[in-house]
Amino acid sequence: MHIRTWITAVVLGALILAPAYGQSLAGLGAINGVVKDASGAVIPGAKVVVANPANGIRRTMETNEAGLFSAPSLTPGRGYEVEVERAGFAVYTAKEIEVLVGQNVSLTIELGVQAQSQTVTINESTPLVETTKTGVSQVVESAQILNLPINGRRVDTFVLLTPGVTNDGTFGLVTFRGIPGGNAFLTDGNDTTQGYYNENAGRTRISSNISQDAVQEFQVQSSGMTAEFGRAVGGSINTVTRSGTNTTHGTAYWFFRNHSLNARDRYATRNPKESRHQAGGSLGGALKKDKLFYFLNTEFTRRNFPAISTVQNPQLFDASGNFIGTCGAPANPTQCQNAINYFRRFFGEIPRTADQDTYFGKLDWRPSERNSFSASFNLMNWISPNGIQTQATLTGGAAVGNNGDSTVRHRFARLAHTGIINPATVNEFRFGWFKDRLYDTVNPALAPPNGLLGQLSVQGQGNLGVAQFLPRVQPTEDRFQFADNLTWLKGAHNIKVGFDIAHTRDTVELLNNGRGTYTYATFTNFALDLTNLDGGKRWQNYSQVFGDPKITIFVRDWNFFIQDQWRVTPKLTLNYGIRYEYAQFAQPKIWNPDYDQTSRINQPGLNFAPRAGMAYSLGSNNKTVLRAGYGIFYSRMPGALVGNLHQGNGVYQRAITYQSTIPDQFAAGPVFPNFLSATNFNPPAGSVSIGMAARGLLTPYTQQWDIGIEREITRTTGLTVSYLGSRGDNFFMTRDLNIGPAVGAYTYT
């Protein structure tokens, strides 16, 4: 076990044209408010109707004894209307309200006397400053998604529009406060995070796991998430898909990119070849007005981007690819020339393509005002011959010797029901199914012509054979998720309680270095074995892994929470709650009898995560709000770590290395280019690498805190300044148990 700590401070100051909302509502939004008379006294028993005519949504309720009403679990969208009636008062109507994902639109409604006629129209969608929000978040809206330029139409790239979020190097991950692998990715509230690598579905190699045209908006939560959200020590990205409306709408599009239209990098010697076509269309509407709605989308990507392959090694080749190494006796000229010719295949253009197809469909059914159902399904297939390596130019031989055909197949399905038990109580149930399969294999066109199926290193130059990790399924992942949330408005308290249970299963089929690796100290020795005239061996060492390539593990998450939004005064709102997370892991069925610690992985059980936040309105016009929050956030257990602990015990899979300097090992080793089907070799004590979990393994977590102030400058412009801090503990790392205890003291100057 290892503990790592840090503190991050970020000051954010930004002019924003769209409000940044952060109330915790997984994939949905809400409208609530307080109804008062002209003197400021609350009005109980007022009839409130929240409706969206375009989507067929209608909720009828009454204000409670505190004058409050709440309409939770609303589908995000524009065009909401709120109508309030009470005997003796004029009717109040607000129109054109926009509800964003994760947003809790808070209204303060003042009813006039009966003699007056009152109709209020809100043309700017919603108040810019949200008076009940306590966290730090931002919504990337539909207009931004559709109109801002983006390379490749990978929609989650828009996350980078959020302050405090940045790229993690060049791999394509996003990082919140320096934590790249600790984020949660949700789609319509359901978990679509690939649990094996703890990344977004499909990982970063694909174009996108869902079409940009199928996404309505998404919410990026940077800090202060309420107890409803978990399994994330970084941030949470909540994507909302589009739905049909009473009006039929359709789109068709085609995007084209070609290297001939691109400027050459001023530091590059050539403009890499590339052509890309992305085309698709969508259609949405009503099968039955106000009752049954549909939305369909499909998109196709065809990309051709050949790779440039070279070997830049001053011991073997010059910049032009001419051999400058040494090859001589005892190898004859023919053997040397054959070895040089073997390297020729690493110079030139390697064909490479990437084809992706995505399909998305969604149905929304509202049989009555009290019940609504939603079902959606997304399918993505990504196939890329020679696409494991994605760089334009590779100078170390990897475009041939560490490459192969890559495929990613992703699916998810969602079924949700929202039921109004009574005007003050709403229940939301969600079921989710998620599948992500990554399969890579050897392309025969890249395989060495001499029948070598393993990897090869000559005079320090690697990547000369076949990638050690091919073929592989890593992983095929299935998840079944059941979640239920109950929202109850009682007085000035808006209480929410729920559970989220998910069973994630990963199957991996990989024997890394299962076909061996040859290492040659000199080019001459390689030439002698490549054109072998005497059946001899000249390798320096040979390594191979033996064992079962296939393993199936699971991680079962049990999550429970309760939270309350307490409107203490018209100016002060408190959000507080607690979340409990417990993860069960597959326990090893095969372990090393010499190390009993390999027989079990500890399952921490005290993962309690309190959350608290406050929002206070300064002044009488609700244009300035002070916010603060604190919470503990636990990480999910990556399936890759569980699998590695199963396989890395020195028994399930064994790594063997034969040295040419030890006669019996040299005799037992293979003749190039063969590999061993089995071995009876028992390596000497202390030469086998064994991995195990610490007996007291704990769940990584972060403590996060924030304080900020938001001010409305105009109806469309606001200024937010925030301070964000975090501290991470119990983060995983590897400790070498062979290192002895520290001795002595040293002073460095």
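In this report, the structure presented in the accompanying data block is examined.

Reading guide: rules and limits
- Residues numbered from 1 in each chain as written.
- Predicted model: local features only at pLDDT ≥ 70, side-chain atom pairs only at ≥ 80, totals over all residues.
- Heavy atoms only, no water.
- Disulfide = S-S within 2.5 Å.
- Buried < 20%, exposed > 50% of the residue type's maximum accessible area, 1.4 Å probe, protein only.
- Helix = DSSP H or I, 4+ residues; strand = E, 2+ residues; numbered from the N terminus.
- Contact = heavy atoms within 4.5 Å.
- Salt bridge = Lys/Arg side-chain N within 4 Å of Asp/Glu carboxyl O.
- Pairing = 2+ DSSP bridges.
- Axes fitted to C-alpha atoms, helices over the stretch in contact; angles between N-to-C directions.
- Parallel < 35°, antiparallel > 145°, perpendicular 65-115°, else oblique.
- Nonpolar A, V, L, I, M, F, W, Y, C, P; charged D, E, K, R; others polar.
- Phe/Tyr/Trp six-rings, centres within 6.5 Å; stacked < 30°, edge-to-face > 60°.
- Lys NZ or Arg CZ within 6 Å of the ring centre and 35° of its normal.

**Considering the state of the cysteines**
Under the criterion given, the structure shown has one disulfide. Covalent S-S linkage joins cysteine 327 and cysteine 336, the inter-sulfur distance amounting to 2.1 Å. Measuring handedness by torsion sign, the sulfur bridge of cysteine 327 and cysteine 336 sits at about -85 degrees and is left-handed. In this structure cysteine 336 comes out as buried when scored by relative accessible area, which is 9%.

**A word on helix H5 (residues 639–647)**
With seven of nine residues buried, H5 lies mostly within the body of the structure. Within the sequence span of H5, burial applies to Gly639, Ala640, Val642, Gly643, Leu645, His646 and Gln647. Those residues of H5 hidden inside the fold are in contact with strand S30 (493–509), strand S33 (550–567), strand S34 (572–585) and strand S37 (653–659).

**As for the pattern of salt bridges**
Across all of its chains, the model carries 26 salt bridges by this definition. Arginine 153 serves as the salt-bridge partner of aspartate 213, at 3.6 Å between the closest nitrogen and oxygen. Of this pair, aspartate 213 sits in the loop between strand S15 (199–200) and strand S16 (215–223) while arginine 153 is found in the loop between helix H1 (142–147) and strand S10 (165–168), placing the two residues 60 residues apart along the sequence. Considered together, aspartate 213 and arginine 153 belong to a single accessibility category, that of buried residues. Residue arginine 205 pairs with aspartate 440 through a salt bridge whose shortest N-O separation is 3.7 Å. Note that arginine 205 is positioned in the loop between S15 and S16 and aspartate 440 in strand S27 (residues 425–441), a separation of 235 residues in sequence. Residues joined in a network through salt bridges with shared partners are Asp191, Arg231, Asp500 and Arg636.

**Quick notes on the sheet that holds strand S12 (residues 184–187)**
Taking strand neighbours across the sheet as the criterion, the five strands line up as S9-S16-S17-S12-S13 in an open arrangement whose pairing is mixed. Looking along the sheet, the strands with just one partner apiece sit at the ends: strand S9 (136–140) and strand S13 (190–191).

**A short note on the packing of helix H2 (residues 333–344) against helix H4 (residues 523–530)**
For the pair H2 and H4, interaxial distance at closest approach is 8 Å and the crossing angle is 95 degrees. It follows from the interaxial angle that H2 and H4 lie roughly perpendicular. Of the residues in H4, those touching H2 at Gln335, Cys336, Asn338, Ala339, Ile340, Tyr342 and Phe343 are Phe523, Phe526, Ala527, Leu528 and Leu530. In the contact of H2 with H4, the residues fall into 10 nonpolar, two polar and no charged.

**So, the packing of aromatic side chains**
Following the criterion strictly, the structure yields 30 aromatic pairs and no others. When the ring of tyrosine 580 is compared with that of phenylalanine 608, the centres are 4.8 Å apart and the planes differ by 40 degrees; the resulting orientation is tilted. Here phenylalanine 608 lies in strand S35 (residues 607–618) and tyrosine 580 lies in strand S34, a separation of 28 residues in the sequence. Among the residues examined, phenylalanine 608 registers a relative accessible area of 43% and is labelled partly exposed. Taking the ring centre of tyrosine 197 as reference, the NZ or CZ of arginine 203 above it sits at 3.6 Å.

**Focus on the environment of alanine 655**
Residue placement: alanine 655 occurs in strand S37. Alanine 655 sits 397 residues away from asparagine 258 along the chain, and the two C-alpha atoms are 46 Å apart. Each residue touching alanine 655, except ones within four places of it in the same chain, is listed here: Gln544 and Val545.

**Some details on the pairing of S33**
In this structure, S30 lies alongside S33, joined through 17 bridges in antiparallel fashion. By the bridge assignment, histidine 493 is partnered in S33 with tryptophan 566. Between the antiparallel neighbours S33 and S34 lie four residues.

**Thoughts on the sheet that holds strand S2 (residues 29–36)**
The strand order across the open sheet built from three strands is S5-S2-S8, with neighbouring strands paired in mixed fashion. Taken across any chain shown, the strands that pair with only one partner, and hence form the sheet edges, are strand S5 (68–74) and strand S8 (104–110). Looking at each pair of strands side by side, their axes are set apart by 15 degrees on average, direction ignored. Bridge count for S2 against S5 is five bridges, and the pairing is antiparallel. Considered in S5, the bridge of glycine 33 is made with phenylalanine 69.

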